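Tertiary structure, described
The residues making up each chain are set out below.
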Amino acid sequence: MTSGPNLILVGVNHKTTPVEIREKLAFSQVKLEASLEQLVSSPEITENIILSTCNRVEIYARVENTDRGIQLLQDFICDYHGISRGNLDQYFYSYCDNQAVEHLFRVSSSLDSMVLGEAQILGQVKDAYSTARSFSSTGMVLNQLFEKAFNVAKKVREETGISERGVSISSAAVELAKKIFEDLENHSVMLVGTGEMAELAAKHLISYGVKTVYVASRTYERAAALAQTLNGCALDFESFKEEMHRADIIITSTAAPTFIIGKEMMEAAIQKRKNKPIFLIDIAVPRDIAPEVNELENVYLYDIDDLQNVVNANMEERQKEAENAMDIIKQEVTKFNNWFSTLDAVPTIVEMRNRAEEMRINEVDKTLKNMDHLSSTDKEAIQQLTQSLVNKILHKPTINLKKKTQSQDGHIYLKAIRHLFHLDD
Amino acid sequence: MDKISFNIALFSYLLASLGYFVYLVYRRPLVSTLAGGLVALGLFAQTISIGVRSSMTGHGPYTTSYEVAMFLAWFMVVIYLLTEWKYKIKDLGAFVIPLVFLVMLVSVFLSKDAGLVPESEVRFWLTMHRTLSLIGYAAFSIAFAAGIMYLIQEHQVKTKKLGIMYFRMPSLEVLDDLNFKVITIGFPLFTLGFMTGSIWNTKMDQAFFSWDLAKTMPMVMVWLIYGLVFFGRMATGLRGKKAAQGAILGFVAVIGSFFLHI
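Quick notes on the rules
Residues numbered from 1 in each chain as written. Chains lettered and ligands numbered in written order. Predicted model: local features only at pLDDT ≥ 70, side-chain atom pairs only at ≥ 80, totals over all residues. Heavy atoms only, no water. Helix = DSSP H or I, 4+ residues; strand = E, 2+ residues; numbered from the N terminus. Rg over C-alpha atoms; globule rule 2.2 N^0.38 Å. Buried < 20%, exposed > 50% of the residue type's maximum accessible area, 1.4 Å probe, protein only. Contact = heavy atoms within 4.5 Å. Areas by Shrake-Rupley, 256 points an atom, 1.4 Å probe, with all protein chains shown as cover. Salt bridge = Lys/Arg side-chain N within 4 Å of Asp/Glu carboxyl O. Domains from an automatic or database assignment. Pairing = 2+ DSSP bridges. Axes fitted to C-alpha atoms, helices over the stretch in contact; angles between N-to-C directions. Buried area = accessible area lost by both parts, 1.4 Å probe. Polar contact = N/O pair within 3.5 Å; in protein donor to acceptor, adjacent residues only side chain to side chain. Patch = residues over 30% accessible without salt bridge, like charges linked within 9 Å, V, L, I, M, F, W, Y side chains within 5 Å. Core = buried A, V, L, I, M, F, W, Y, C linked by side-chain atoms within 4.5 Å. Right-handed = clockwise from strand over helix to strand, strands pointing away.

Regarding the overall build of chain A
Each helix and strand in chain A was counted, giving 16 helices and ten strands. The C-alpha radius of gyration of chain A comes to 33 Å, more than 25% above the 22 Å expected for a compact globule of 425 residues. Along the longest, intermediate and shortest principal axes, the C-alpha atoms of chain A span 125 × 50 × 30 Å. Relative to its full complement of 425 residues, chain A shows a buried share of 50%. Sequence-distant contacts in chain A: of pairs separated by 6 or more residues, those separated by 24 or more amount to 71%. As displayed, chain A has an accessible area near 20700 Å², and 51% of this comes from carbon and sulfur atoms.

As structure tokens, this is what we get:
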């Protein structure tokens with residue numbers, strides 16, 4: 001396609017380009033305004049948006065000519081950062097029209113992210129869009145495209161499980177806690193041992209609302225220090241066994257060579273709890289809690305391998321959900337393209353002119369049939385006269401239609417013309 | 001008129017059941033909204049059906065087995081909608097509404113003849129007995145659904161095999177809480193229903209407790225099961241899996257006693 005509105009995208013991402021190159025190509029927020037303006041001042045580019053995150057640098061643009069546009073954007077990225085083109089050619093990818101639309105939809109739905117389904121990228125795309133809008137570097141096509149991309153991302157998140165499952169040990173642990181206790185606010189956590197992972201998991205639980213925190217450690221000072229950072233209370237190591245029943249979640253991470261919590265001990269605790277469920281997270285290696293403890297009713301024990309298995313399964317599941325997401329995206333790309341193709345004025349202009357030419361030929365033929373007395377020069381003159389008449393009448397509408405299709409309500413004009421000239425019959 | 005609206009209700013519940021299943025597996029928000037709408041439509045049609053029939057027979061829907069089954073389905077939907085409104089557990093519909101549909105479907109095969117009830121004190125006790133028992137049963141049906149969901153969820157968390165239902169279904173705490181709440185409502189009502197039933201029996205010039213074993217024993221069983229779950233929670237902290245199993249067992253006994261009783 002060489003005429004009409006062309007959509008292109010040029011960029012690098014974490015899959016094509018190592019970080020040492022990516023960091024050189026990033027656009028800082030501060031300089032974005034100048035960059036956007038510089039691009040849109042080029043006669044080749046009518047609209048543009050720059051998306052720059054730590055994993056990708058992409059420029060979306062609407063251009064007069066696809067090939068020239070791609071060259072221009074690549075040159076711009078290189079020139080802007082003062083890097084020679086030759087070094088970068090192998091990293092750039094570029095897409096046009098359909099593929100550019102599909103790429104944006106995949107990016108904003110987090111299908112192109114390093115961690116599949118992460119939520120951050122959508123916010124970043126939204127920021128890039130609103131920055132571009134505030135500098136008026138976007139127009140009808142990119143506005144529509146990005147608004148659509150946000151809808152698609154929302155749809156993907158709602159209708160597939162792509163963001164549903166935690167893909168880190170602590171998020172998987174929080175998810176489990178929420179599937180056992182629902183609201184974490186009224187629940188308590190006890191740390192037995194002050195391992196780094198245990199601290200991380202506890203912080204994650206606290207960020208989800210857990211208010212009461214107990215910390216027990218063989219060295220009381222360490223327990224006290226960690227309790228202070230977590231806003232909890234420190235326990236004597238020996239007394240944790242008596243206090244165990246108070247905690248809804250217990251995270252163990254001691255360096256003990258043998259199990260410190262056995263089945264009988266847990267059975268006593270669960271009785272004291274009147275069978276209220278308890279969630280045990282054993283991060284220690286060697287393990288701190290005897291595996292038979294999981295046989296007790298209302299006790300749920302996960303060791304580090306169990307949690308890792310959950311994370312792996314969640315990763316796989318996200319991969320599967322990504323396929324469902326692609327179905328949604330494919331449908332939405334088709335919908336967007338249907339709208340996009342209505343913006344192309346050229347086919348409509350050609351049809352309009354053909355229709356007029358048909359009528360002219362019909363009418364001239366009819367008239368000339370009964371005018372045998374005219375010389376062939378006269379007949380030629382009549383042909384020319386009618387031709388120039390048609391051209392004159394259609395000249396302004398053609399120019400205006402081309403101009404209007406570049407504007408916000410272009411598709412309305414196209415529709416009107418098609419209707420007035422009966423082009424869709 | 002009552003037949004047409006009955007059929008509309010039956011069909012709505014069937015479609016709603018399918019809708020909730022689709023939602024459970026495929027998570028399409030539109031489908032769940034649609035299913036909710038169908039349940040509301042079904043309830044509306046069923047209310048008309050019961051109203052029209054009652055105005056024709058001259059008494060409430062509690063004499064024949066057909067009427068009682070209809071009325072039970074009606075209470076189940078009402079209590080389901082209240083639960084849904086309070087707890088926002090959309091997936092509960094996938095477990096309750098098919099039950100409603102089945103109760104309605106069974107009632108299709110029951111005699112549609114109107115029962116005769118004498119205009120007297122007897123009628124009062126009969127009304128009380130049936131209404132209280134039916135609300136109790138309907139509450140038990142929610143506990144049954146919550147119990148099944150609990151067992152599915154508990155199994156996944158316990159065995160560490162977290163399938164799609166793990167993400168779809170609510171937490172164990174919510175399901176256990178729901179189970180307890182509906183039994184707390186259902187059990188006293190059912191007990192009162194049981195007592196008013198005995199009074200009705202006396203008014204019918206029968207023994208206060210007519211040891212008709214086939215009829216009475218299942219009811220006693222039902223009462224014992226829910227009594228154990230209800231008092232067990234308060235006394236010894238019986239909860240979680242055992243409470244869920246109790247609610248399921250209790251409802252199986254309810255179904256048995258329902259067909260023996262009417």
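Looking at the pattern of salt bridges
Residues and elements named next belong to chain A. Taken as a whole and assessed by the stated rule, the structure comprises 28 salt bridges over all chains. Two residues, Lys-15 and Asp-112, come together in a salt bridge whose shortest N-O distance is 2.8 Å. Note that Lys-15 is positioned in the loop between strand S1 (6-13) and helix H1 (19-25) and Asp-112 in the loop between helix H5 (97-108) and helix H6 (120-134), a separation of 97 residues in sequence. With a closest N to O distance of 4.0 Å, Arg-133 and Glu-147 form a salt bridge.

Regarding the domain arrangement of chain A
Along its sequence, chain A is organised into domain 1 (6-159), domain 2 (169-311) and domain 3 (345-420). Measuring from the centre of the C-alpha atoms in domain 2 of chain A to the corresponding centre in domain 3 of chain A gives 82 Å.

Some details on the sheet that holds strand S10 (residues 299-303) of chain A
All names here are of chain A. Across the sheet, which stays open at both edges, the six strands sit in the order S7-S6-S5-S8-S9-S10 with parallel pairing between neighbours. With partners counted over all chains shown, the strands left at the sheet margins are strand S7 (233-236) and S10, one partner each. Adjacent strand axes in the sheet meet at a mean angle of 20°, parallel and antiparallel pairs treated alike. In terms of strand pairing, strand S9 (residues 278-282) meets S10 through five bridges, oriented parallel. Of the residues in S10, the one forming a bridge with Ile-281 is Tyr-302.

Comments concerning the domain arrangement of chain B
Residue and element names in this part refer to chain B. The domain boundaries assigned to chain B delineate domain 1 (1-117) and domain 2 (119-262). Of note, the centres of domain 1 and domain 2, computed from C-alpha atoms alone, are 19 Å apart. Taken together, the contact between domain 1 and domain 2 spans 26 residues of the former and 32 residues of the latter. Here domain 1 meets domain 2 over a buried area of about 2700 Å², counting both sides, of which 80% is carbon and sulfur. Taken together, domain 1 and domain 2 are joined by zero salt bridges. For the interface between domain 1 and domain 2, the tally reads three residue pairs in polar contact (both at pLDDT 80 or more). Elements supplying a minimum of two residues to the side of domain 1 that touches domain 2: helix H1 (2-26), helix H3 (65-87) and helix H4 (93-108). With eleven residues, the single largest contributor to the side of domain 1 that touches domain 2 is H3.

Some details on a nonpolar patch on the surface
Taken together, the side chains of Phe-11, Leu-14, Leu-15 and Leu-18 of chain B present a nonpolar region at the surface, about 350 Å² in accessible area. For Phe-11 of chain B, the position within the fold is in helix H1.

Some remarks on the interface of chain A and chain B
Tallying the contact residues gives 28 residues for chain A and 32 residues for chain B. Both faces considered, chain A and chain B share a buried interface measuring about 2400 Å² in area, 47% of it formed by carbon and sulfur atoms. Looking at the side of chain A facing chain B, the largest losses of area belong to Lys-179, Glu-297 and Tyr-300 of chain A, adding up to 27% of the total buried there. Joining chain A to chain B, the criterion identifies two salt bridges. Counting across the interface, chain A meets chain B through 17 residue pairs in polar contact (both at pLDDT 80 or more). Taken together, the elements giving at least two residues each to the side of chain A that touches chain B come down to helix H7 (140-159), helix H8 (169-181), S10 and helix H13 (304-341) of chain A.

Let's talk about the nonpolar core
Membership of the largest hydrophobic core comes to 111 residues, with the highest contact counts inside it found for Ile-251 and Phe-279 of chain A. Looking at this core, the element that brings in the most residues is helix H5 (residues 121-159) of chain B, giving 13 residues. Residues within four places of Phe-279 of chain A in sequence aside, it is in contact with Ala-173, Leu-176, Ala-177, Ile-180, Phe-181, Asp-248, Ile-249, Ile-250, Tyr-300 and Tyr-302 of chain A. Within the second largest apolar cluster, 63 residues are counted, among which are Ala-61, Phe-76, Leu-122 and Met-326 of chain A.

Comments concerning the pairing of strand S6 (residues 212-217) of chain A
Residues and elements named next belong to chain A. Burial analysis of S6 places five of its six residues in the buried class, which makes it a mostly covered element. Inspection of the sheet shows strand S5 (residues 188-192) paired to S6 by five bridges, in the parallel sense. Across the sheet, the residue bridging to Val-189 is Val-213, located in S6. Between S5 and its parallel partner S6, the chain crosses via helix H9 (residues 196-207), and the hand of that crossover is right-handed. Where S6 and S7 come together, four bridges link them in parallel fashion. Within S7, the residue paired with Ser-217 across the bridge is Asp-236. Traced from S6 through helix H10 (residues 220-230) to S7, the parallel crossover comes out right-handed.

Considerations on the pairing of S9 of chain A
Residue and element names in this part refer to chain A. Burial analysis of S9 places five of its five residues in the buried class, which makes it a mostly covered element. What you see with S9 is no split at all: Ile-278, Leu-280 and Asp-282 on one side and Phe-279 and Ile-281 on the other are buried throughout. With four bridges connecting them, strand S8 (residues 249-252) and S9 associate as parallel partners. Within the sheet, the bridge partner assigned to Ile-250 lies in S9 and is Leu-280. You can see the chain leave S8, run along helix H12 (residues 263-272) and come back into S9, and the turn it takes is right-handed.

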